[in-house]
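# Fold and geometry: a report
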Amino acid sequence: MTNLRFFEIIVLQILFVSCSSNKTLVDKIDTHYGKVKFYNESKKNNIQHIYASVDSLGFRSYYEFYPNKITKTSEVSKQMIYTVFDGDLPQDYGKNIYLKFSPLDKLILNHGNRILDSLGLKNFKRTNNGKAFIIEVNYYHGYPKNKSF
C-alpha cells in the first residue's frame, strides 16, 4: 500500500512540474559536432530568452540569447561564462580575456540569429560582427578559499 501511495505522489509531482514548465522546443538540428536543440523560455506569454542546448562528444554546453547579451556556458568549465564581444579584437588580445569563436560557435550563433528573426524578436541581441567571447569567471559561492585577485 505504501508503494502505491509513493507512486501516486511521484506521478502528481511529475505532472505538476511538466504542466508548469514554460519552455518550448523551437528547432532541432544535427551537426557534425553533435545535436543542437533550441528552446524558448517564456513567462506569461512573454519570451524571456532563447537558449540552445548542445550535446557534443558527451559534453553539454548552453548558448543563451537575451535582449542585452548572448552567453555561453559549458559543463567542462562551469565557473566560466563567455559573453559575445561585438567589437574589433586588439592585435595583441589576451587569450585569457578573449576566446575566438569556434566553427560550432559560429554555426549556433548564426542559427540563433535566424531563429530570433523567424520569431520576430527584434529586441534581442544579435551577433552582428562578433568574432569572440569575453571570458568571465563566476564564483557561485564567493571567492575560493586562500585565493585573491
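Here the structure is a predicted model, which means the values were calculated and not measured.

Here we take up the packing of aromatic side chains. Tallied over the entire structure, the rule returns 4 aromatic pairs. Relative to tyrosine 51, the ring of tyrosine 39 lies with its centre 5.2 Å away and its plane at 25 degrees, an arrangement referred to as stacked. One end of the pair, tyrosine 39, is in strand S2 (residues 35-43); the other, tyrosine 51, is in strand S3 (residues 46-56), with 12 residues separating them in the sequence. Judged by relative accessible area, which is 13%, tyrosine 51 ranks as buried. For the pair phenylalanine 85 and tyrosine 98, a centre-to-centre distance of 5.2 Å together with 55 degrees between the ring planes defines the contact as tilted. Of the two residues, phenylalanine 85 sits in strand S6 (residues 80-85) while tyrosine 98 sits in strand S7 (residues 98-100), which places them 13 residues apart along the sequence.

Here 8 strands make up an open sheet; going across it, the order is S1-S2-S3-S4-S5-S6-S8-S7 and the pairing antiparallel. Two strands in the sheet have a free side with no partner beyond their single neighbour: strand S1 (23-30) and S7. Ignoring which end each strand starts from, the neighbouring axes of this sheet average 25 degrees apart. Here strand S4 (residues 59-65) runs beside strand S5 (residues 70-74); their pairing, made up of 5 bridges, is antiparallel. By the bridge assignment for S5, phenylalanine 65 is matched with isoleucine 70. Of the strands in this sheet, S1, S2, S3, S4, S5, S6, S7 and strand S8 (132-137) touch helix H2 (residues 103-118), which is tilted by about 40 degrees from S4.

Conventions adopted
- Note on numbering: residues in each chain are counted from 1, in written sequence order.
- With the structure being a predicted model, the display of local features is reserved for residues of pLDDT at least 70 and the display and counting of side-chain atom pairs for 80 or more, all residues being used for whole-chain, interface and lining totals.
- Calculated side-chain values reflect all of the structure's heavy atoms, with hydrogen atoms and water omitted.
- For Phe, Tyr and Trp, where Trp contributes only its six-membered ring, two rings pair if their centres lie within 6.5 Å, and the inter-plane angle classes them as stacked under 30 degrees, edge-to-face over 60, or tilted in between.
- For helices the rule is a DSSP run of H or I covering at least 4 residues; for strands it is a run of E covering at least 2, with both sets numbered from the N terminus onward.
- Exposure classes here rest on a 1.4 Å probe applied to the protein chains alone. A residue is buried below 20% of its type maximum, exposed above 50%, and partly exposed in between.
- Following DSSP output, two strands are said to pair if at least two bridges run between them.
- Each axis is a line fitted through C-alpha atoms, taken for helices only over the stretch in contact, and angles between the N-to-C directions span 0 to 180 degrees.
- Two residues qualify as a contact provided that any one of their heavy atoms is within 4.5 Å of a heavy atom in the partner residue.

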